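Topology and contacts: notes
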Amino acid sequence: MKYLETTLSIAILAVVALPEKCNSTLRGNKDLAQNTLSHDDEARVLGGTDKGNTPNGKPFEHIQGQIQNLEDLIQELQNQADTLAQEISDLEERVEQNEGDILTNIDDIDALKDSTQQLGSTLAALAATVDANEQDIEQKLSDFRGHIFDADQAMQGMQATLEGLIVRIASLETSSATKTELLNSIRTTRTWVTGQLSLKQNRISSACPTGEAIRQVYSSGGVSCQKVTNEVEIYSRECSTNLLALTCDVYCPSTDTLVGGDWECTDNPILLSYVTEDGPWFNGHKVTLSYSLLFASKSVAVRALCRED
């Protein structure tokens, strides 16, 4: 009986170590599997703490119980081995996944290095551009300062010119009163001339036939004629003008009869616009001119046509 118990103990230890030998992932944990069988488990497998003593009259039943306990323990160890194997499998999958992530990270790091190099090149080019722009800006600022100086000089010149214009405007304003008075005088004269034009004697536009003489001249320039039976003699008189109104007349002899008359101003025909009276006057002919600056140093000739009675 003592021999049988020893043999069972060896078998139990062999069975306990079997899963570790079959699973390569558990080879390093053989001591853990062997140590799993504690002293209490050995006592339970061997039937207690009586060190090989068996119940009287039931040795095989006692062995059968020990075998059942051993199988339960083996099953429990197998479950633990399966759990460890699953955990190891999960760890291997995680390691493989981590290896893939590591490779991906390595690729990303390489790409990042390339991007960093490109960024460094770009930054270097940008720095060169900034330096060039700074030089260009400095040159433009220098040119701008020169333009500002030129503009300031031009502004000073314009200011001096403006001050001169202000002085001239003040001078013009001082003389504006005199010019206004002269302009008003011109306007007054123009108004008077316009009124006189409506009274002027038009130039004679008609003539008398042969054997007749002008009897009267109308304001429109027409004339009235009369037959001349006797010889007609022309009497004339020339008058010098002055700044005052002019009246010039000429008369027939007492033995003659006035049959017509006229007047003229050869050196200034415009005086026709200032005639206020032109026609027979008693036994003669008279013409009257109104005041005008145009009268100065002018000559007017008046003629009378006289027929001997």
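Just so we're clear, the structure is a prediction, and the values are computed from it rather than from any experiment.

Secondary structure summary: the protein chain contains 4 helices and 8 strands in total. Walking the protein chain from its N terminus toward its C terminus, one meets helices and strands in the order α-α-α-α-β-β-β-β-β-β-β-β. For the protein chain, with 309 residues in total, the buried portion stands at 22%. The long-range fraction of contacts in the protein chain, counting pairs at least 24 apart against all pairs at least 6 apart in sequence, stands at 63%.

What follows is about the state of the cysteines. Counted according to the given criterion, the structure contains 3 disulfides. Residue Cys-239 pairs covalently with Cys-248 via a disulfide, S to S 1.9 Å. Disulfide Cys-239-Cys-248: the torsion about the S-S bond is 70°, which places it as right-handed. Take Cys-239 and Cys-248: they sit in the same class, and that class is buried. Covalent S-S linkage joins Cys-252 and Cys-306, the inter-sulfur distance amounting to 1.7 Å. Measuring handedness by torsion sign, the sulfur bridge of Cys-252 and Cys-306 sits at about -85° and is left-handed. With Cys-252 in the loop between strand 4 (246-251) and strand 5 (256-264) and Cys-306 in strand 8 (residues 299-308), the pair connects residues that are 54 residues apart, well separated along the chain.

One pass over the structure, following the stated rule, counts 1 cavity of 30 Å³ or more. Here the largest cavity is characterised by a volume of approximately 30 Å³. For the lining of the largest cavity, the secondary-structure elements that each account for two or more residues are strand 1 (212-217) and strand 5. Per-element tally for the lining of the largest cavity: the top contributor is strand 5, with 4 residues.

Under the counting rule described, the total for this entry stands at 1 aromatic pair. Above the face of the Trp-281 ring, Lys-286 is positioned so that its terminal group lies 3.2 Å from the ring centre.

This part covers the nonpolar core. Among the nonpolar cores identified, the biggest contains 15 residues, and Trp-263, Val-287, Leu-289, Val-300, Val-302 and Ala-304 are the most heavily contacted of them. For this core, the elements supplying multiple residues, two or more each, are strand 4, strand 5, strand 7 (284-289) and strand 8. Per-element tally for this core: the top contributor is strand 8, with 4 residues.

Below, the discussion takes up the pattern of salt bridges. Inspection of the entire model under this criterion finds 5 salt bridges. Lys-140 serves as the salt-bridge partner of Asp-136, at 3.3 Å between the closest nitrogen and oxygen. Residue Asp-136 and its partner Lys-140 are both found in helix 4 (residues 59-197); the two are separated by 4 residues, about one turn of the helix. Under the relative-accessibility criterion, Asp-136 is labelled partly exposed at 36%. You can call Lys-140 exposed: its relative accessible area is 54%. Note that Glu-277 and Lys-286 form a salt bridge whose closest N and O atoms lie 3.5 Å from each other.

For the rest of this paragraph, the subject is the sheet that holds strand 7. Strand order in the open sheet formed by 3 strands is 4-7-6, and the pairing between neighbours is antiparallel. Edge positions in the sheet fall to strand 4 and strand 6 (275-281), since each of these pairs with one other strand and no more. Averaged over all pairs of adjacent strands, the angle between their axes in this sheet comes to 10°, without regard to strand direction. Pairing of strand 4 with strand 7 involves 6 bridges; the strand directions are antiparallel. Across the sheet, Tyr-251 pairs through a bridge with Gly-284, a residue of strand 7.

Moving on: the sheet that holds strand 3 (residues 232-240). Spatially, the 3 strands line up as an open sheet ordered 3-8-5, and their pairing is antiparallel. The open sheet terminates on both sides in strands that have one partner only, identified here as strand 3 and strand 5. Adjacent strand axes in the sheet meet at a mean angle of 20°, parallel and antiparallel pairs treated alike. Pairing of strand 5 with strand 8, which is carried by 8 bridges, proceeds in the antiparallel orientation. Bridge assignment links Glu-264 to a residue of strand 8, and that residue is Ala-301.

For the rest of this paragraph, the subject is the side chain of Lys-286. Along the chain, Lys-286 turns up in strand 7. By relative accessible area, Lys-286 is classed as buried at 10%. For Lys-286, the side chain forms a polar contact with the side chain of Glu-277, separated by 3.5 Å. Those residues in contact with Lys-286, other than ones at most four positions away along the chain, are Thr-247, Cys-248, Asp-249, Glu-277, Asp-278, Gly-279 and Trp-281.

Reading the values: the criteria
Residues numbered from 1 in each chain as written. Predicted model: local features only at pLDDT ≥ 70, side-chain atom pairs only at ≥ 80, totals over all residues. Heavy atoms only, no water. Helix = DSSP H or I, 4+ residues; strand = E, 2+ residues; numbered from the N terminus. Buried < 20%, exposed > 50% of the residue type's maximum accessible area, 1.4 Å probe, protein only. Contact = heavy atoms within 4.5 Å. Disulfide = S-S within 2.5 Å. 1 Å grid on protein atoms, 1.4 Å probe; cavity = no way out; pocket = protein on both sides within 12 Å on 5 of 7 lines; lining within 4 Å. Points joined across faces, edges and corners; volume = space filled by probe spheres on them. Phe/Tyr/Trp six-rings, centres within 6.5 Å; stacked < 30°, edge-to-face > 60°. Lys NZ or Arg CZ within 6 Å of the ring centre and 35° of its normal. Core = buried A, V, L, I, M, F, W, Y, C linked by side-chain atoms within 4.5 Å. Salt bridge = Lys/Arg side-chain N within 4 Å of Asp/Glu carboxyl O. Pairing = 2+ DSSP bridges. Axes fitted to C-alpha atoms, helices over the stretch in contact; angles between N-to-C directions. Polar contact = N/O pair within 3.5 Å; in protein donor to acceptor, adjacent residues only side chain to side chain.

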